[in-house]
Amino acid sequence: LRSTLVPETLLSNASSLLGQRGTAFSAAASAEELAEREKRLAFMNSVDWMQLHKLVEDAGLLKRKPDGGVEIEVQRTAAMLALTAIHDIMKVEALRPQGQPEHAPY
């Protein structure tokens, strides 16, 4: 997103959490998403980013380095993204598996 959509001052108290824009606005903003700017800005300002960071770290998606930084656990993160994609696909009625009568009861 262009910097005019999210003023830099919103990020001033959490400069180490660079994923805020992506989480609040998603990677590819459509015209409809841009229309929700106020809602997304409110989300970005209200989330406890340190708690979310801790949650992601506790889930094993980030690993603390000896210097205090973090690194992404690529394999575990890829598995979580795959699970998330499968979850979203199963919400689409046309893509949902259908049980056959001969396999009943299910």
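A. Main features of the overall build of the protein. Across its full length, the protein carries five helices and two strands. Per-residue burial for the protein yields a buried fraction of 16% across its 106 residues. Within the protein, contacts between residues at least 6 apart in sequence are counted, and of these 28% link residues at least 24 apart. Roughly 8,200 Å² of accessible area belongs to the protein as shown, and the carbon and sulfur atoms make up 61% of that amount.

B. Here's a closer look at the pattern of salt bridges. Going through the model one piece at a time under the given rule, you end up with four salt bridges. The salt bridge involving Glu-57 is made with Arg-64; its shortest N-O contact spans 2.9 Å. Asp-88 is paired through a salt bridge with Lys-91; the nearest N and O atoms lie 3.7 Å apart. On the accessibility criterion, Asp-88 (39% relative accessible area) is partly exposed.

C. Main features of unusual backbone geometry. Cis geometry is found at the peptide bond from Ala-104 to Pro-105, where omega equals 0 degrees. Considering the arrangement of structural elements, one finds Pro-105 in the segment after α5 (74–89).

D. Broad picture of the packing of aromatic side chains. A full pass over the atoms with the stated rule returns one aromatic pair. Ring geometry for Phe-43 against Trp-49: centres 6.2 Å apart, planes inclined by 80 degrees, an arrangement best described as edge-to-face. For Phe-43, a relative accessible area of 36% puts it in the partly exposed group.

Scoring rules and cut-offs
- Residues numbered from 1 in each chain as written.
- Predicted model: local features only at pLDDT ≥ 70, side-chain atom pairs only at ≥ 80, totals over all residues.
- Heavy atoms only, no water.
- Helix = DSSP H or I, 4+ residues; strand = E, 2+ residues; numbered from the N terminus.
- Buried < 20%, exposed > 50% of the residue type's maximum accessible area, 1.4 Å probe, protein only.
- Contact = heavy atoms within 4.5 Å.
- Areas by Shrake-Rupley, 256 points an atom, 1.4 Å probe, with all protein chains shown as cover.
- Salt bridge = Lys/Arg side-chain N within 4 Å of Asp/Glu carboxyl O.
- Phe/Tyr/Trp six-rings, centres within 6.5 Å; stacked < 30°, edge-to-face > 60°.

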